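Listed below, chain by chain, are the residues.
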Amino acid sequence: MLQKTEDEQVKSLVERKGAFSAGGLWMTLGFQLMGSKATIRAQVAQIEQEKAAAKKSVKKKADEMKLKVEKADESFRMFKSGAKMPLEAWRDIIRFLLPLYDTNTAPSKLNTIKKVTEKLQTFETAYESKWDELMEMQLQKVQSKLSANTESSKPTQDLQSQLHLESDDDSNSI
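Anyway, here's the lowdown on the structure attached to this text. (Residues numbered from 1 in each chain as written. Predicted model: local features only at pLDDT ≥ 70, side-chain atom pairs only at ≥ 80, totals over all residues. Heavy atoms only, no water.)

This paragraph deals with the overall build of the chain. The helix and strand inventory of the chain stands at seven helices and zero strands. Walking the chain from its N terminus toward its C terminus, one meets helices and strands in the order α-α-α-α-α-α-α. For the chain, long-range pairs separated by at least 24 residues make up 60% of all intrachain contacts whose partners lie at least 6 apart in sequence. Total accessible area on the chain is roughly 11900 Å²; 55% of this is exposed by carbon and sulfur atoms. (Helix = DSSP H or I, 4+ residues; strand = E, 2+ residues; numbered from the N terminus. Contact = heavy atoms within 4.5 Å. Areas by Shrake-Rupley, 256 points an atom, 1.4 Å probe, with all protein chains shown as cover.)

To continue, consider the nonpolar core. If you look at the biggest cluster of nonpolar residues, it comprises 21 residues, and the most contacted ones within it are F96, L97, L120, F123, W131, M135 and L139. Of all elements in the fold, only α3 (37–81), α4 (87–101), α5 (113–127) and α6 (131–152) reach the threshold of two or more residues within this core. Considering every element that reaches this core, the biggest residue donor is α4, with eight residues. Beyond its immediate chain neighbours, meaning those up to four positions away, W131 contacts F76, F79, W90, I93, L97, L120, Q121 and F123. By size, the runner-up hydrophobic cluster in this structure holds seven residues, among which are V10, L13, A19 and A42. (Core = buried A, V, L, I, M, F, W, Y, C linked by side-chain atoms within 4.5 Å. Buried < 20%, exposed > 50% of the residue type's maximum accessible area, 1.4 Å probe, protein only.)

The following block contains the structure:
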């Protein structure tokens, strides 16, 4: 299908992910497009799409980590207050602490309060600190990292506007 306008060419290249593929360029636009502004705009658009997807993935992981830390912090406060803790609170603690110190044990295997507390008691001999001291230290460390990451996220100018490719005028590119 022959595209008439530059915008149609860009859209076709991005949709088919052909902006960086010689075959995609050939099939979409043939020889007339090589080196044109439409190719560059399509490449920039594809890069921005991939950047946005990567950013979304990073944000999702950060949100999951934040939730995990919040649950662990809440459960740890419950422990420190001396309140009776349900299994889910113990599991929140072990889901947070175990991957930091013991990557060989899956938190899902510790499915009873007895198993969780027994595992936590092994921390003192293995790491020369009680688990609650390690928990407090790790919570502070992770929370400060999360707040630093939140403060440092600034909006940036998109690549297309940095390269001055927002217009459809091809008269200056030849």
